[in-house]
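An overview of the molecular structure
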Amino acid sequence: MENVMIVPVISKDPTLALPNRDFFIVDEYQTAINSYQNGNKQEIDSVERLANQVLNAPPTCLYCGSGITEFVVDSEGDVFPCQLLVSNKNFLIGNVYDTKEKLRQLLITSKQKYSKIFDKTKDNECQNCFLQFFCRGCPIAPYLLGNSMHIPHESCQLLKEVVKNSILIKAEKDFVESNS
Ligand code: SF4
Ligand code: SF4
């Protein structure tokens with residue numbers, strides 16, 4: 001085995017759960033931007049990293065590719081859309097020992113199903129957002145925590161502000177460098 005992927009546990013147990021992880025990460029970027037704007041030019045690396053992540057990300061209308069372009073296979077050969085759903089038979093897609101044609105059809109059906117569920121263009125709050133084709137999110141974590149695959153939007157305003165500021169700072173820096 002050459003590669004092992006370690007995935008955080010999603011739990012309703014408050015002693016195990018990492019609360020609002022996305023907000024936590026965005027908050028760190030906001031701190032870096034504030035620090036840069038207050039004169040700490042060393043923060044430019046963090047600010048540029050975020051701007052580049054957004055500017056270089058392939059555009060997608062999907063929150064996540066699980067069940068569409070990404071699949072997980074357990075030790076029995078069972079195929080699931082996401083590592084958080086392994087062993088949950090409600091989300092079983094098929095098995096690698098199914099015939100090739102059967103598995104192909106099952107994967108196509110899965111792709112059709114999750115392409116609809118994870119489509120940001122169908123989310124009212126995303127329709128007028130400039131990040132509609134650039135942000136990513138985890139629809140399965142809210143499902144496991146509350147039974148809905150609807151992405152929570154409480155950190156979107158801060159995320160949009162942070163992305164906008166990081167891109168403006170990078171554009172200003174690139175402009176100054178290209179004219180010096
Ligand atoms: S930032 Fe929020 S509102 Fe905007 S596209 Fe992403 S999830 Fe939707
Ligand atoms: S649904 Fe969430 S945990 Fe699963 S692959 Fe997508 S982002 Fe990762």
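All values derive from a computational prediction rather than experimental measurement.

The number of helices and strands found in the protein is 5 helices and 3 strands. When the helices and strands of the protein are read in sequence order from the N terminus, they spell out α-α-β-β-β-α-α-α. For the protein, the proportion of its 180 residues judged to be buried stands at 18%. Considering only residue pairs separated by 6 or more positions, the protein has 54% of its internal contacts joining residues 24 or more positions apart.

Further remarks concern the site of ligand 2. Cys64, Ser66, Glu70, Cys82, Leu84, Cys138, Pro139, Ile140 and Ala141 make up every residue found near ligand 2. Here the residues of the shell around ligand 2 sort into 7 nonpolar, 1 polar and 1 charged.

It is worth spelling out the site of ligand 1 at this point. Cys126, Cys129, Leu131, Cys135 and Cys156 are the nearest of the 14 residues found near ligand 1. When the residues that make up the shell around ligand 1 are grouped by side-chain class, the tally is 7 nonpolar, 3 polar and 4 charged.

How each quantity is defined
- Residues numbered from 1 in each chain as written.
- Chains lettered and ligands numbered in written order.
- Predicted model: local features only at pLDDT ≥ 70, side-chain atom pairs only at ≥ 80, totals over all residues.
- Helix = DSSP H or I, 4+ residues; strand = E, 2+ residues; numbered from the N terminus.
- Buried ≥ 20, exposed ≤ 12 C-beta atoms within 10 Å, placed from the backbone.
- Contact = placed C-beta atoms within 7 Å.
- Near = placed C-beta within 6 Å.
- Nonpolar A, V, L, I, M, F, W, Y, C, P; charged D, E, K, R; others polar.

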